[in-house]
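Survey of secondary and tertiary structure
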Amino acid sequence: MQFSILIPVVKTKFFKESFESAAAQTFDDYEIVVLNNKADADVSWVKKDPRVRYFENDEQLPAPANWNRGVGYCRGDFVILLSDDDALKPECLTEVARYRRENPDVEVVRFLLEEQVEDAKARKITPPGATVETVDEF
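To keep things clear, this report deals only with the structure shown in the data block. This one's a predicted model, so the numbers in the text were calculated from it and none came from an experiment. (Residues numbered from 1 in each chain as written. Predicted model: local features only at pLDDT ≥ 70, side-chain atom pairs only at ≥ 80, totals over all residues. Heavy atoms only, no water.)

**Remarks on a negative patch on the surface**
- Together, Asp42, Glu56, Asp58 and Glu59 line one region of the surface with negative charge.
- Note that glutamate 59 resides in the loop between strand E3 (52–56) and helix H2 (63–73).
- Classification of glutamate 59 as exposed rests on a relative accessible area of 54%. (Patch = residues over 30% accessible without salt bridge, like charges linked within 9 Å, V, L, I, M, F, W, Y side chains within 5 Å. Areas by Shrake-Rupley, 256 points an atom, 1.4 Å probe, with all protein chains shown as cover. Salt bridge = Lys/Arg side-chain N within 4 Å of Asp/Glu carboxyl O. Lys, Arg positive; Asp, Glu negative; His and termini not counted. Charge placed at Lys NZ, Arg CZ, Asp CG, Glu CD. Helix = DSSP H or I, 4+ residues; strand = E, 2+ residues; numbered from the N terminus. Buried < 20%, exposed > 50% of the residue type's maximum accessible area, 1.4 Å probe, protein only.)

In structure tokens:
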């Protein structure tokens, strides 16, 4: 499997939109890993999607510890971390796969992200193209 989309869930205000953006990818070789970090509402309905692997924490973990736990559940060669208040463009995985083929030495890429802004009606959208970071910078 090429990609795992990891969605660690605590806040559920925008989770449905985040999940739907992961499920709407135009690329086929991926799974969605949902890690319920003691979310503020039930999100187990995602288990109906056959691409989903669903896990729950017994206690709420700090974000970095939760991300690390979630990465451990991922089976893909590459992990896309999708926060529960962000969304992916439908072509995101297709574009990341192309970018990875062209730049095999890159470790971390932020790409085609829409951030759902809680106190505004508009979404914050990153500019086209990739933002490249090292693992340490991420």
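**Structural notes on the nonpolar core**
- With 24 residues, the main nonpolar core has Phe3, Ile5, Ile7, Phe15, Phe19, Ile32 and Val34 as its most contacted residues.
- Of all the secondary-structure elements, those providing two or more residues to this core are strand E1 (3–9), helix H1 (15–23), strand E2 (30–36), E3 and helix H3 (92–102).
- Residue contacts for isoleucine 32: discarding those within four places in its chain leaves Ile5, Ile7, Phe19, Ala22, Ala23, Arg51, Val52 and Arg53. (Core = buried A, V, L, I, M, F, W, Y, C linked by side-chain atoms within 4.5 Å. Contact = heavy atoms within 4.5 Å.)

**Points about the pairing of E2**
- When you tally the buried positions in E2, you get seven out of seven residues, the bulk of the element.
- Neither face of E2 is left uncovered, since the one carrying Tyr30, Ile32, Val34 and Asn36 and the one carrying Glu31, Val33 and Leu35 both have all their residues buried.
- Summarising the sheet, E1 and E2 pair through seven bridges and their orientation is parallel. Residue pairing across strands places valine 9 opposite asparagine 36, the latter belonging to E2.
- Of the strand pairs in this sheet, E2 and E3 are connected by five bridges, and their pairing is parallel. By the bridge assignment, valine 34 is partnered in E3 with tyrosine 54. (Pairing = 2+ DSSP bridges.)

**Details of the side chain of asparagine 37**
- Tracing the backbone through its elements, the reader meets asparagine 37 in the loop between E2 and E3.
- At 2.9 Å, the side chain of asparagine 37 forms a polar contact with the side chain of asparagine 57.
- At 2.8 Å, the side chain of asparagine 37 and the backbone nitrogen of leucine 61 are in polar contact.
- Residues contacting asparagine 37, with those up to four places away along its chain left out, are Val9, Val10, Asn57, Glu59, Gln60, Leu61 and Asn66. (Polar contact = N/O pair within 3.5 Å; in protein donor to acceptor, adjacent residues only side chain to side chain.)

**Things to note about the sheet that holds E1**
- Taken together, four strands build an open sheet; the order of strands is E3-E2-E1-E4 and the sheet is parallel. This sheet does not close on itself; its edge strands, each paired only once, are E3 and strand E4 (78–81). Going across the sheet, the axis of each strand differs from the next one's by a mean of 20°, ignoring polarity.
- Taken strand by strand, H1 contacts E1, E2 and E3, and its axis lies near 160° from that of E2. (Axes fitted to C-alpha atoms, helices over the stretch in contact; angles between N-to-C directions.)

Spatial relationships are all this shows, so hold off on functional conclusions.
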